[in-house]
Every structure is written in C-alpha cells, then in structure tokens.
Amino acid sequence: MNPSLAVAQPSAQGLSRALVTLLAFCCGAIVANIYYAQPIVGLIAPDLGLSAEHASWIVSLTQLGYALGLLLLVPLADLVENRRLMIATAVLATVSLLLAGTSGHGHGQLFLGYALLIGFSSVAVQMLIPLAAHLAPEQQRGRVVGNIMGGLLLGILLARPLSSLVADHFGWRAVFIGAALVMLAIIVLLALTLPRRVPEHKASYSQLMASLVVLLRRYPLLRQRSLYQALMFAAFSLYWTAVPLALAGEHGLSQSQIAVFALVGAVGAVAAPLAGRLADAGHARRGSLLAMGLAPLALLLGLTTPGAGVIGLGLTGVLLDFAVQMNMVIGQREVYALDPASRGRLNALYMTSIFLGGAVGSAVASLVYSQYGWSGVAFVGAGAPALALLVFLVVSRRR
C-alpha cells in the first residue's frame with residue numbers, strides 16, 4: 001500500500017482534540033480573509049484613489065475571486081494530494097495579502113486585482129472541511145465537522161469587527177499585513193501537523209469540471225436552491241458593504257464603534273441549528289418561506305420606523321443574518337441529499353452561486369448608497385430576497 005494513502009485513513013481513535021482545534025482555527029482564519037475589507041472600504045478607497053461609487057468593488061472582487069476559487073480550485077482536492085494543495089493556496093493568499101497591505105497611494109486598480117487574488121486563494125477552507133470528514137471515523141464525523149464549522153463561523157463573525165478595530169488604531173494596511181502573518185503561521189501548522197491524503201479519484205481535471213455541468217443539468221433542485229441563496233446573499237452583501245458607510249457618514253460612528261456594531265451578526269448565528277432541526281423534522285418548506293419572507297421585511301424595517309437610527313440598522317442586521325443563514329442551511333441539506341457520492345462537487349456549485357450573488361450585491365452597494373442613500377439600499381436589497389420568494393412560491397405551486 002502507498003504510505004501516503006495509509007496515513008490518510010482515520011485511526012481507530014479518530015482525530016485528536018488538538019488537531020480538530022487546529023483545523024477549526026485554520027478555517028476561521030482563512031475564511032476571515034474575504035470579510036476583512038467589508039467594513040473599511042470607506043478608508044481604503046479614498047487612500048487608493050477610488051471613487052465612492054467604486055469603493056464596494058473591493059468587496060465584490062474578493063467575493064468574485066472566492067467564487068472562482070470554489071469553481072476552479074476546490075475540485076482539485078479530488079485529484080491532488082490535499083495537504084500540498086492547501087499549502088499552495090495558503091502561500092498565494094499570503095502573497096496577495098502582503099501586496100494589498102503594501103499598496104501605495106493612488107494604486108486603486110492594482111489593489112482591486114489583489115482583492116480578486118485574496119478571494120481566489122482563500123478557498124482552502126472548503127478543502128479542509130471535507131478532509132476532516134474523511135479523516136474522522138464514522139462515529140465521530142458529525143461532531144468533528146460541527147466543531148470545525150464552529151471555527152469557520154467564528155472567523156466570519158469576528159473578521160468585520162477585528163478589521164474595524166485594527167484599522168481605527170493602526171490604519172487599514174495593518175489589517176492585511178496582520179492577516180498575511182496569520183496565514184504564514186497557518187502554512188507552518190498545516191505543513192507540520194496535517195496528514196497527507198492522496199485522492200483515489202482517477203478522472204482528469206477536464207473530466208471533473210465537465211461533471212459539474214452534468215450535475216447542474218441533472219438536478220433542478222440544485223439550480224433552484226442556488227438561485228434562492230444567491231439572491232439572499234446578494235442582499236446580505238449589499239447591506240454589510242453599505243452599512244459601514246451609513247454608520248460613519250450619517251451617524252458619525254468611528255471604526256471602533258462600527259466594530260461593536262458588526263458583532264450584531266453573531267446573534268443571527270442561532271439560525272443555523274434551528275434551520276437544521278426544522279429541516280430534519282420535515283419543515284424545510286416552512287423554514288424557507290420564513291427566511292425568504294423575513295429578509296425583505298428586515299431591510300425595509302428601518303424605513304418604517306423613522307428615528308430608529310443605529311438601533312434600527314442593528315435590528316435589520318440581526319434579522320437579515322438570521323434569514324440568510326437559515327435559508328443557506330436548509331438549502332445545503334436538500335442539495336447534499338441529491339447525490340451523496342457527489343457532495344463535494346454539489347457543494348462547490350452551490351457555494352459558487354452564493355458568492356456570485358454576493359459579488360453582485362457588493363458591487364452595487366456604494367453606487368446605490370451614494371446615489372439614493374439608505375432608502376435606496378433598503379429597497380434594492382429587499383428586492384433580491386423578494387424575487388427569491390416569488391420564484392420559490394411559483395416552483396412550489398408547480399410541484
């Protein structure tokens with residue numbers, strides 16, 4: 001037997017607690033790379049010579065790069081030795097972050113290219129989770145994956161407030177340089193502790209990519225769920241890219257105060273376990289109706305309660321995060337049930353569509369806000385999940 005294959009098999013005792021904690025930390029730190037810029041585009045853009053209308057392209061291109069990485073890099077985990085692949089992507093992420101953090105004044109176009117690379121190279125998290133599931137014994141698999149997903153969620157929730165705090169005290173460049181140093185530490189940790197895994201899949205890369213098209217054509221539910229969540233995530237990204245601009249411009253909040261505000265998203269995290277229980281109990285349709293109905297109402301909430309100010313914006317964030325996470329978890333459960341043997345590729349297609357939607361939402365955020373203010377953001381944002389709800393109802397009636 002090939003020794004590299006032997007170490008890839010899970011031991012009878014399963015993964016150690018230390019290795020699970022390490023993988024959870026790595027997932028959280030890597031996924032944070034695509035969220036650092038979101039609350040500080042108002043600082044980055046003028047320094048680099050980008051107009052207010054183009055500021056949100058920083059976030060949009062990061063998400064677009066992540067979508068491209070999901071589509072083009074993640075399937076390689078079925079062909080290439082996993083540890084080497086993850087280290088290579090982490091090295092590229094480190095270089096991209098360093099280039100972003102050392103960008104000179106007026107180099108806005110170059111920075112947009114670095115943002116695309118940061119997103120593209122931060123997809124190792126979508127390789128780590130399946131690898132952990134492979135290494136864990138059957139009786140421990142759910143707990144191991146759950147713990148690692150907890151680290152990923154923590155990275156998402158802490159990235160925005162952390163970048164706001166660091167930018168407020170040390171400047172926005174320190175955010176990217178600090179993230180690059182964290183990635184260097186992750187490279188060392190992965191090289192020293194992660195077991196090797198050589199996939200048994202024998203198809204070529206072109207055959208693997210062609211199979212994605214086959215899956216997309218074969219399963220209407222995959223296309224439907226991808227569309228719903230892409231529209232939901234477009235509203236999510238629109239909100240979280242525009243709200244720091246509103247908090248600073250209309251309400252006079254500092255970056256540190258915006259950091260505290262960003263923590264409101266943590267409250268919406270309770271949606272994930274609730275959505276899982278609803279779907280397990282056979283209430284996926286009701287949960288989806290609740291999520292897709294709640295999202296547009298959340299975005300319009302601030303317009304119906306004049307004078308609510310920062311509190312109203314915060315409540316919108318909590319409800320929107322709750323709705324988006326609930327719909328995503330329900331969608332994942334239904335998509336994964338389509339073909340257990342193809343879950344990795346189904347996940348790549350589903351997540352790619354989500355971040356394409358997020359890239360569109362981020363791209364229009366600063367333009368909509370600069371032209372129409374927060375009311376424009378609310379109406380445009382509410383329109384995306386409302387469209388998802390309409391399509392969902394039409395599909396449900398046909399069934």
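Below is a short write-up of the structure. Owing to the predicted nature of the structure, the values given are computational and were not obtained by experimental measurement. (Residues numbered from 1 in each chain as written. Predicted model: local features only at pLDDT ≥ 70, side-chain atom pairs only at ≥ 80, totals over all residues. Heavy atoms only, no water.)

Structural notes on the side chain of Ser60
Where we set the bar: The secondary structure listing takes helices from DSSP runs of H or I that are at least 4 residues long and strands from runs of E that are at least 2 residues long, numbered from the N terminus. Whether two residues are in contact is decided by their heavy atoms: any pair within 4.5 Å suffices.
With respect to the helices, strands and loops of the structure, Ser60 is situated in helix α4 (residues 57-72). Ser60 has contacts with Ala359, Val360, Ser362 and Ala363, leaving out every residue within four places of it along the chain.

With respect to the packing of helix α5 (residues 82-101) against helix α9 (residues 172-193)
What counts here: A fitted line through C-alpha atoms serves as each axis, taken over the contacting stretch for helices, and the angle formed by two N-to-C directions is quoted from 0 to 180°. What sets the label is the angle itself: under 35 degrees gives roughly parallel, over 145 gives roughly antiparallel, 65 to 115 gives roughly perpendicular, and the rest give oblique. Crossings are sorted by hand: turned counterclockwise from the far helix by less than a right angle, the near helix makes the crossing left-handed, and turned clockwise it makes it right-handed.
In contact at an axis separation of 8 Å, α5 and α9 are set at 160° when each is read in the N-to-C sense. Of the possible angle classes, the one that applies to α5 and α9 is roughly antiparallel. As for how α5 packs across α9, the hand of that crossing is left-handed. Facing Arg83, Ile87, Ala90, Val91, Ala93, Thr94, Leu97, Leu98, Ala100 and Gly101 of α5, the residues of α9 in contact are Trp172, Arg173, Phe176, Ile177, Ala179, Ala180, Met183, Leu184, Ile187, Leu190 and Ala191.

Topic: the packing of aromatic side chains
Note the threshold: Within 6.5 Å between ring centres, the rings of Phe, Tyr and Trp (the latter by its six-membered ring) count as paired, and their orientation is classed by plane angle as stacked under 30 degrees, edge-to-face over 60, tilted in between. Burial classes: relative accessible area under 20% of the type maximum marks a residue as buried, over 50% as exposed, and values in between as partly exposed (1.4 Å probe, protein chains only). Whether a charge sits over a ring depends on NZ of Lys or CZ of Arg being within 6 Å of the ring centre and within 35 degrees of the ring normal.
Overall, the coordinates contain 10 aromatic pairs when judged by the stated rule. Ring centres of Phe111 and Trp172 lie 5.5 Å apart, and the angle between their planes is 90°; this geometry places the pair in the edge-to-face category. Note that Phe111 is positioned in helix α6 (residues 108-120) and Trp172 in helix α9, a separation of 61 residues in sequence. One exposure class covers both Phe111 and Trp172, and it is buried. Among the aromatic side chains, those forming a connected cluster through ring pairs are Tyr66, Phe233, Phe236 and Phe355. If you follow Arg160 out to its NZ or CZ, it ends over the ring of Trp240, 4.1 Å from the centre.

Things to note about the pattern of salt bridges
This is how the line gets drawn: Salt bridge, as applied in this entry: a Lys or Arg side-chain nitrogen positioned within 4 Å of an Asp or Glu carboxyl oxygen.
The tally for this structure, following the rule as stated, stands at 3 salt bridges. Arg173 is paired through a salt bridge with Asp47; the nearest N and O atoms lie 2.7 Å apart. Of this pair, Arg173 sits in helix α9 while Asp47 sits in helix α3 (residues 41-48), placing them 126 residues apart in sequence. Taking the relative accessible area as the measure of exposure, Arg173 reaches 21% and is therefore partly exposed.

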